[in-house]
Amino acid sequence: MRTVVRGVVPGVVRGVVRGAVAVAVVGTALAGCSSGGGGKSGPDTPAKGTIVLQDSSDHPQQLVKFKDAEYVKIAGLADKAAEQRIGQAFHAPLDWTVKWLGATLDGDRRKQCQGKSSIVQTKVRFGLGGPDIVSATNAIVMIPCYESEEALPTIPVTVDVKAGKALTAQDVLTDTVLKDPKPLWDALSGPKDDWKQCELGDISTKDFLPGKQGGPAETPPNAGLFFDRKGLNLVWSTIGTDCSTFTFSAPYDKLKDIVKPDVLSRLRAAADAK
């Protein structure tokens, strides 16, 4: 399996692995306490803050087996319903992987697998670590039980902790930029020469929306937004091999009239948080 990666998403998580749990506390601790949610929790799992857990669940019907697949959890929120929604948003890349692989598991692939499962691992990279806004990407790596070089995407997730929800491009970008992303593209730096060589064309509104990429199940947006202390990262990541993953970036100073003013001020505050 091959993936061509041009551009680097910063913020590698440093996890501490104890038994079945990998934990990294990256944000300011929040009030309350919680268990590990969808993964396995234990005495070493922090009860508060932004943490990384691992999922090693088995999904035999879809022939998918997670192996220490990382995902983010914000534990200890006073609003448990918001905590659950945020947890679902951060676990969504793993949930999508099971759904996608199950939908594409035709008779020929089942025959090749002979009952064995594809092994899936995910790796979290953090940008903003909270406490108000948390942004991370989840790179999905698969060892298929069938013959394939197809690579799965890297999926960014940014959550508004106060609102208890994931922020979509529609929540972040101005209406003008959503209609015509050219100002965003002009503000971005990155491997644009490689982009041209791949003949991918201009980024358009539909790239910020879920699609199907010609397959049987919905896929994440081709263009995902990820935020770190320096600014915005546009992560272009699709199912495929060559030309499937690019990362472009723009500092916060270049985001006026691109990102909604109230969101931009909150992103800056999160970037400056100690």
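Check the entry above for the structure.
Residues numbered from 1 in each chain as written. Predicted model: local features only at pLDDT ≥ 70, side-chain atom pairs only at ≥ 80, totals over all residues. Heavy atoms only, no water.

When helices and strands are tallied, the chain shows seven helices and 14 strands. Counting all 274 residues of the chain, 49% fall into the buried class. Expressed as a percentage of contacts within the chain between residues at least 6 apart in sequence, the contacts between residues at least 24 apart total 62%. With an accessible surface of roughly 13,100 Å², the chain has 52% of that area assigned to carbon and sulfur atoms. (Helix = DSSP H or I, 4+ residues; strand = E, 2+ residues; numbered from the N terminus. Buried < 20%, exposed > 50% of the residue type's maximum accessible area, 1.4 Å probe, protein only. Contact = heavy atoms within 4.5 Å. Areas by Shrake-Rupley, 256 points an atom, 1.4 Å probe, with all protein chains shown as cover.)

Where charged atoms from two side chains of opposite charge come close, those side chains can pair. For the coordinates displayed, the defined rule picks out nine salt bridges. A salt bridge links K73 to E83; its shortest N-O distance comes to 3.5 Å. With a gap of 10 residues between them, K73 in strand β7 (residues 69–75) and E83 in helix α1 (residues 80–103) connect regions that are remote in the sequence. As far as burial versus exposure is concerned, K73 and E83 are alike and both buried. In this structure, the salt-bridge partner of R268 is D253, at a minimum N-O distance of 3.1 Å. Separated by 15 residues along the polypeptide, R268 in helix α7 (residues 261–272) and D253 in the loop between β14 (245–251) and α7 bring together distant segments of the chain. The exposure class of D253 is exposed, given its relative accessible area of 64%. One salt-bridge network, in which partners are shared between bridges, spans K73, K80 and E83. (Salt bridge = Lys/Arg side-chain N within 4 Å of Asp/Glu carboxyl O.)

For the rest of this paragraph, the subject is the nonpolar core. Most often, soluble globular proteins keep nonpolar side chains buried together rather than apart. Core analysis: the largest hydrophobic core is formed by 34 residues, its most contacted members being L173, L184, F208, L225, L232, L234 and V259. Put simply, the parts of the chain that give this core at least two residues each are α3 (169–172), α4 (175–179), α5 (182–187), β12 (223–227), β13 (231–237), β14 and α7. Residue contributions to this core peak at five residues, all from α7. With sequence-adjacent residues up to four places away left out, L232 is seen in contact with L184, L188, L225, F226, F227, F248, S249, A250, L255 and V259. (Core = buried A, V, L, I, M, F, W, Y, C linked by side-chain atoms within 4.5 Å.)

This next bit is on the sheet that holds strand β9 (residues 133–143). Hydrogen bonds between backbone atoms are what pair the strands of a sheet, whose relative direction is either parallel or antiparallel. An order of β5-β6-β8-β9-β10-β11 is seen for the six strands of this open sheet, with the pairing classed as mixed. Every interior strand has two partners, whereas the edge strands, β5 (58–59) and β11 (165–166), have only one. Bridging between β5 and strand β6 (residues 64–66) involves two bridges; their strand directions are antiparallel. Pairing of D58 across the sheet is with K65, part of β6. Against the sheet, α1 contacts β5, β6, β8 (118–129), β9, β10 (154–160) and β11, and its axis sits at roughly 155° relative to β10. (Pairing = 2+ DSSP bridges. Axes fitted to C-alpha atoms, helices over the stretch in contact; angles between N-to-C directions.)

A word on unusual backbone geometry. Cis geometry marks the peptide bond from G130 to P131, where omega comes out at 10°. Considering the arrangement of structural elements, one finds P131 in the loop between β8 and β9. Located in the positive-phi region is L63, a residue other than glycine, with phi close to 55°. Mapping L63 onto the fold places it in the loop between β5 and β6.

As a further point, take the environment of G127. Positionally, G127 belongs in strand β8. Each C-alpha atom, one on G127 and one on D228, is 3.8 Å from the other, the two residues being 101 residues apart in sequence. Residue contacts for G127: discarding those within four places in its chain leaves S135, A136, F226, F227 and D228.

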